[in-house]
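Structural overview
Given next are the chains, with one letter for each unit.
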Amino acid sequence: MAIAEDIRIKPSSETLLRPDRPKPPRNYAQFIRWALLFLGGVLMVMPLVYMISTSLKYSFEVYNLNLIPEEPTLENYTYVLEDGRFYTWFLNSLIIATLTTISTLIFDSLVGYVLCKFKFRGRYLIFIAILSTLMIPTEMLVIPWYLMSQQLGWLDTYWGIMFPGLMTAFGVFLMKQFFETVPDDFLEAARIDGLNELQIWWSVAMPLVKPALAALAIFVFLGNWTAFIWPLIATTDTALYTLPVGLSSFGDEADVAWELIMTGAAISTLPTLVVFLIFQRFIIRGVVMAGLKG
Amino acid sequence: MANLALRDLVKTYDRTEVLHSINLDVKDGEFVVFVGPSGCGKSTTLRMIAGLEEVTSGTVEIGGQVVNNLEPKDRDIAMVFQNYAIYPHMTVRKNIAFGLRTSKMTRAQKEARIEEVAGILGMTEYLDRKPNQLSGGQRQRVAIGRAMVRDPAVFLFDEPLSNLDAQLRTQMRLEIKKLHRRVGSTIVFVTHDQVEAMTMADRIVIMKDGHIQQIGSPAEVYHAPANTFVAQFIGAPSMNLLEGRGTASGVTLWTGAALATGPKADGKALTIGIRPEDLHVVESGGVLSGVVSVAEPLGSETLVYVDVDGKEIIASASGRTPPAAGDRITLDLDVRNLHVFDAASGEALA
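Residues numbered from 1 in each chain as written. Chains lettered and ligands numbered in written order. Predicted model: local features only at pLDDT ≥ 70, side-chain atom pairs only at ≥ 80, totals over all residues. Heavy atoms only, no water.

Counting its regular elements, chain A contains 15 helices and 0 strands. Within chain A, the fraction of its 294 residues that count as buried is 38%. Once local pairs closer than 6 in sequence are excluded, the contacts in chain A between residues at least 24 apart make up 69%. Carbon together with sulfur atoms contributes 71% to the accessible area of chain A, which is approximately 17900 Å² in total. (Helix = DSSP H or I, 4+ residues; strand = E, 2+ residues; numbered from the N terminus. Buried < 20%, exposed > 50% of the residue type's maximum accessible area, 1.4 Å probe, protein only. Contact = heavy atoms within 4.5 Å. Areas by Shrake-Rupley, 256 points an atom, 1.4 Å probe, with all protein chains shown as cover.)

Right, let's get into the overall build of chain B. What chain B contains, in helices and strands, is 8 helices and 20 strands. Across its three principal directions, the C-alpha atoms of chain B cover 75 × 45 × 35 Å. Considering chain B as a whole, with its 350 residues, one finds that 50% of them fall into the buried category. For chain B, the proportion of contacts with a sequence separation of at least 24, taken over those separated by at least 6, is 65%. Accessible surface computed for chain B: about 15500 Å², of which carbon and sulfur atoms make up 46%. Of the charged side chains in chain B, 37 are positive and 42 negative, and the gap between their average positions amounts to 8 Å. (Lys, Arg positive; Asp, Glu negative; His and termini not counted. Charge placed at Lys NZ, Arg CZ, Asp CG, Glu CD.)

Attention now goes to helix α9 (residues 169-179) of chain A. Of the residues making up α9(A), those classed as buried are Ala169(A), Gly171(A), Val172(A), Leu174(A), Met175(A), Lys176(A) and Phe179(A). On its buried face, α9(A) is in contact with α5 (84-117), α6 (123-132), α11 (197-208) and α12 (210-225) of chain A.

Take the sheet that holds strand β4 (residues 57-62) of chain B next. All names here are of chain B. With antiparallel pairing, the 4 strands of this open sheet are ordered in space as β2-β1-β4-β5. Only two strands of the sheet have a single partner each, and these edge strands are β2 (16-26) and β5 (65-66). Its contacts with the sheet put helix α1 (residues 42-50) on β1 (4-13), β2 and β4, and the angle it makes with β1 is roughly 115°. (Pairing = 2+ DSSP bridges. Axes fitted to C-alpha atoms, helices over the stretch in contact; angles between N-to-C directions.)

Residues and elements named next belong to chain B. Across the sheet, which stays open at both edges, the 5 strands sit in the order β13-β12-β11-β14-β20 with antiparallel pairing between neighbours. The outermost strands of the open sheet, each flanked by one partner alone, are β13 (258-259) and β20 (339-342). Of the strand pairs in this sheet, strand β12 (residues 251-253) and β13 are connected by 2 bridges, and their pairing is antiparallel. Its bridge partner lying in β13, Thr 252 is registered against Ala 258.

Another point: the domain arrangement of chain B. Residue and element names in this part refer to chain B. Domain annotation of chain B identifies domain 1 (4-232) and domain 2 (237-342). Computed over C-alpha atoms only, the centres of domain 1 and domain 2 are separated by 38 Å. Taken residue by residue, the interface counts 8 residues in domain 1 and 8 residues in domain 2. Summed over both partners, the interface of domain 1 with domain 2 comes to about 730 Å²; 55% of that surface belongs to carbon and sulfur atoms. Run the count over domain 1 and domain 2 and you get 0 salt bridges. At the junction of domain 1 and domain 2, the tally comes to 4 residue pairs in polar contact (both at pLDDT 80 or more). Sorting the residues of the side of domain 1 that touches domain 2 by element identifies α7 (218-223) and α8 (228-233) as the ones contributing at least two each. (Domains from an automatic or database assignment. Buried area = accessible area lost by both parts, 1.4 Å probe. Salt bridge = Lys/Arg side-chain N within 4 Å of Asp/Glu carboxyl O. Polar contact = N/O pair within 3.5 Å; in protein donor to acceptor, adjacent residues only side chain to side chain.)

A word on the interface of chain A and chain B. Facing the 17 residues of chain A at the interface are 25 residues of chain B. Buried surface at the junction of chain A and chain B, summed over both partners, amounts to about 1900 Å²; 63% is from carbon and sulfur atoms. Of all residues in chain A, Asp185(A), Ile192(A) and Asp193(A) bury the most surface against chain B, accounting for 35% of the area lost on that side. Put simply, chain A and chain B have 3 salt bridges between them. The salt bridge partner of Arg150(B) is Asp193(A), with a shortest N-O separation of 3.4 Å. Inspection of the chain A/chain B interface yields 7 residue pairs in polar contact (both at pLDDT 80 or more).

Let us look at the nonpolar core. Residues Phe179(A), Val204(A), Leu6(B), Phe34(B) and Leu156(B) are the most contacted members of the largest nonpolar core, which totals 59 residues. For this core, the leading source of residues is α11(A), giving 6 residues. Counting 44 residues, the second largest nonpolar core, distinct from the first, contains Leu134(B), Ala147(B), Val149(B) and Met200(B). (Core = buried A, V, L, I, M, F, W, Y, C linked by side-chain atoms within 4.5 Å.)

Turning next to the pairing of β2(B). Two strands pair when backbone bridges link them, and β1(B) and β2(B) are joined in this way by 7 bridges, in the antiparallel orientation. When the bridges of β2(B) are listed, Leu4(B) appears paired with Val26(B).

The next point concerns the packing of aromatic side chains. All names here are of chain B. Enumeration over the complete set of coordinates arrives at 21 aromatic pairs over all chains. On the basis of an interplanar angle of 40° and a centroid distance of 5.9 Å, the ring pair of Phe 31 and Phe 189 is categorised as tilted. You can see Phe 31 sitting in strand β3 (residues 31-35) and its partner Phe 189 sitting in strand β8 (residues 186-191), a full 158 residues away along the chain. Here Phe 31 falls in the buried class, since its relative accessible area comes to 0%. Look at Phe 189 and you get buried, because its relative accessible area is 0%. (Phe/Tyr/Trp six-rings, centres within 6.5 Å; stacked < 30°, edge-to-face > 60°.)

Accessible area lost upon the coming together of the parts serves often as the stated size of an interface. Residues and elements named next belong to chain A. Under the domain assignment used here, chain A contains domain 1 (22-73) and domain 2 (83-292). Taking only C-alpha atoms into account, the centre of domain 1 sits 31 Å from that of domain 2. The partner domain 2 presents 8 residues to the 7 residues of domain 1 that form the contact. Summing the contributions of domain 1 and of domain 2, the shared interface buries around 630 Å²; its carbon and sulfur component is 74%. When the buried surface of domain 1 facing domain 2 is broken down by residue, Met 51, Ser 55 and Tyr 63 rank first, second and third, together holding 59% of it. Run the count over domain 1 and domain 2 and you get 1 residue pair in polar contact (both at pLDDT 80 or more). Its residues assigned to classes, the side of domain 1 that touches domain 2 comprises 3 nonpolar, 3 polar and 1 charged. (Nonpolar A, V, L, I, M, F, W, Y, C, P; charged D, E, K, R; others polar.)

The next point concerns the environment of Val26(B). Residue and element names in this part refer to chain B. Tracing the backbone through its elements, the reader meets Val 26 in strand β2. For Val 26, a relative accessible area of 2% translates into the label buried. Sequence spacing of Val 26 and Arg 203 is 177 residues, and the spatial spacing of their C-alpha atoms is 9.0 Å. Apart from residues lying up to four places away in sequence, Val 26 is in contact with Asn 3, Leu 4, Val 32, Thr 186 and Arg 203.

Below, the discussion takes up the pattern of salt bridges. This model, assessed by the stated rule, comprises 22 salt bridges over all chains. The residue Asp184(A) makes a salt bridge to Lys117(A) at a minimum N-O spacing of 2.8 Å. With a gap of 67 residues between them, Asp184(A) in helix α10 (residues 184-192) and Lys117(A) in helix α5 connect regions that are remote in the sequence. The class for Asp184(A) is partly exposed, based on a relative accessible area of 37%. Given a relative accessible area of 14%, Lys117(A) falls into the buried group. Taken together, the shared-partner salt bridges connect Glu188(A), Lys11(B), Arg47(B) and Glu53(B) into one network.

Printed below as a string of structure tokens:
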């Protein structure tokens, strides 16, 4: 602190010699950096702003690109919230996103832990096989998923919507990489202290990778909350629709009720915000803990 | 408490034998230190005792029972790791209590035991702190506390002081030694630091390339090294090893100086060992003469590096009136302090 103050108080010899010197060029570079970041921020936020703006418009004004509605209204919110279907879809999405998140956190971390900390023949092969599924786009997997669901009677069930997301290759990869940072000494100490392998994973290894679990929870929850293609294909019963599928059904064959869709979408962002706020502190705390390590 | 025995212990990784027939008996309550350079097999031996490495062949016996096939938790041992291995998400109390998770003690008994251990280690006031609020020495105490709380038959320490600074290491060395006196447990301690080994051990096991080089008390390994490796590894600065040849009456050094000592090995190539403190700077009549290349003042003594006929020899000189670099000095020695080794095998000759 004292050194920092010294630096601030004492002008450099260069400054003393040339007091009129223009600001160093790094300030321009900084300005450009800030400008680019601002532009990026605007690009990110604009769709959200338009979503809120459209939700406050009457249907006749929807195709006007003005940001502030000429006649702002909360009528869309009243309509959506009074429509009983919205609550059903909201609940469906909540159940599916929560269960898949819990399942992914458990199974991905379990598989990642085993692949990272146990030496057995073929573990690299298994890891590569799991990773290779990341190369296959969801659109290609939808057909086999559908055929499988049809044959097993999983269509129009929660299980049918959830099963493809109960474990993810990305999660396994992420957790394996994080478990690499957990020293084996912790696990061996627990082994000597009498814990079995499942207890070691749960009581020792898992608390040490909380930041990764938090990040994975956010990714998985958001991914499932906003999932559209598979829930659309897997369900025909409107009572089992998830929120994105349900919202897309607003309107009729002649017209799409964008103001209602945007209203539903605006409301549906709230849980994702809550999830982010809950889990982000673990990520931040994880970074702080890492900084304190000797 | 219990005795520990290693019988013909062998470890192989991918057909490469890294530990070769290790045999050792550790008495009940004894403090044994494994010391050696990196890769000598000391940590592998310790991990095999702990059950963290499989035994390729041979047996590990604790308290007279062969434990090769027992899980680490069933061996009645506790281990302190180099990186402490205390859980960062738990308080000191929970870390120490962790060792009692599988114990059949009541909650009150466990609490009493934790308080007792924390008291012994001087950690009572830190019980509710997290590890990141502790210093390195305090963290190491927590690790020791977690091992102590279970009252194991054998304590295993795997280079536990390596991560501490020099001052703290000296302090912890003393504390572990006091702790051993107090609890009287059997301890196997691994280190690469010969000073740690010398100051703490009842007996030292010196290892190199998977072989035991010598087992003995600190005084034995220092004053009667079994071979040139032990002679050089134990003691700082290292023992001087000089070329010589056996004669009918003793040995002749490479300088031509004749010394009446040692085994009679007429004509045989020998290595003569002499510790720096056994070489004395004299005004006249010494055995070796040379020019001081470097003088290292240490306060109580000064180490002088002397160039004698192209070979560098370390000697200990007075701390008050030391020779300076560039001085020509003469060194004398007491032949009773010479160590004679076979030049070819490096083994000590009786």
